[in-house]
Amino acid sequence: MMQSAAQAYSKVATQTCSPRELEADLLLRAAAQLQSVVDKWDGNKSDAYHSALTYNRKLWVILFSAVTSPDNPLPAGTRENVANLALFIFNETIELTATPDRDKVIALVHFNRQVAAGLLGQP
């Protein structure tokens, strides 16, 4: 399963945008999927709900792997912050898989959008 996420990432990683722009775009896509679930919230665990959570988790696994790689050029503090955020998102996703919570899904949407804005140099 993780192999397919990494393969999907590598396929789009060949686009002409910068790695930061690509990461921001993927985070915004994940946020849009989660927002769609929020917009159609019915309190149950639909396929769309699980699909959005899975996509978001896979994306954050890739980001976590990238920032914890020994050859990552980012400053140690930045890598640590992203890794800690990824761990938080993993824990939230596990909890949300068992117990859907609209407010927590909204929080994931905001996290993704904020990180994407930071990658794009936006406030």
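The model shown is predicted, which means the values in this text are computed figures rather than measured ones.

1. Comments concerning the layout of surface pockets
Moving on, step 1. Space inside the largest pocket adds up to approximately 390 Å³.
Moving on, step 2. For the largest pocket, the lining is made up of 17 residues, of which E23, V67, L74, V82 and L119 are closest to its centre.
Moving on, step 3. Residue assignment for the lining of the largest pocket shows that the elements contributing at least two residues are α2 (19–39), α3 (47–67), α4 (76–98) and α5 (102–119).
Moving on, step 4. Along the lines of polarity and charge, the residues of the lining of the largest pocket split into 11 nonpolar, four polar and two charged.

2. Describing the nonpolar core
A general trend in soluble globular proteins is that nonpolar side chains are found buried together.
Moving on, step 1. L27, L34 and W60 are the most contacted members of the largest nonpolar core, which has 25 residues in total.
Moving on, step 2. Elements represented by at least two residues in this core include exactly α2, α3, α4 and α5.
Moving on, step 3. Broken down by element, the residue count for this core peaks at nine residues, all from α2.
Moving on, step 4. Residues within four places of L27 in sequence aside, it is in contact with L59, W60, L63, N112, V115, A116 and L119.

Rules used in this analysis
Residues numbered from 1 in each chain as written. Predicted model: local features only at pLDDT ≥ 70, side-chain atom pairs only at ≥ 80, totals over all residues. Heavy atoms only, no water. 1 Å grid on protein atoms, 1.4 Å probe; cavity = no way out; pocket = protein on both sides within 12 Å on 5 of 7 lines; lining within 4 Å. Points joined across faces, edges and corners; volume = space filled by probe spheres on them. Helix = DSSP H or I, 4+ residues; strand = E, 2+ residues; numbered from the N terminus. Nonpolar A, V, L, I, M, F, W, Y, C, P; charged D, E, K, R; others polar. Core = buried A, V, L, I, M, F, W, Y, C linked by side-chain atoms within 4.5 Å. Buried < 20%, exposed > 50% of the residue type's maximum accessible area, 1.4 Å probe, protein only. Contact = heavy atoms within 4.5 Å.

Keep in mind these values describe shape, not function.
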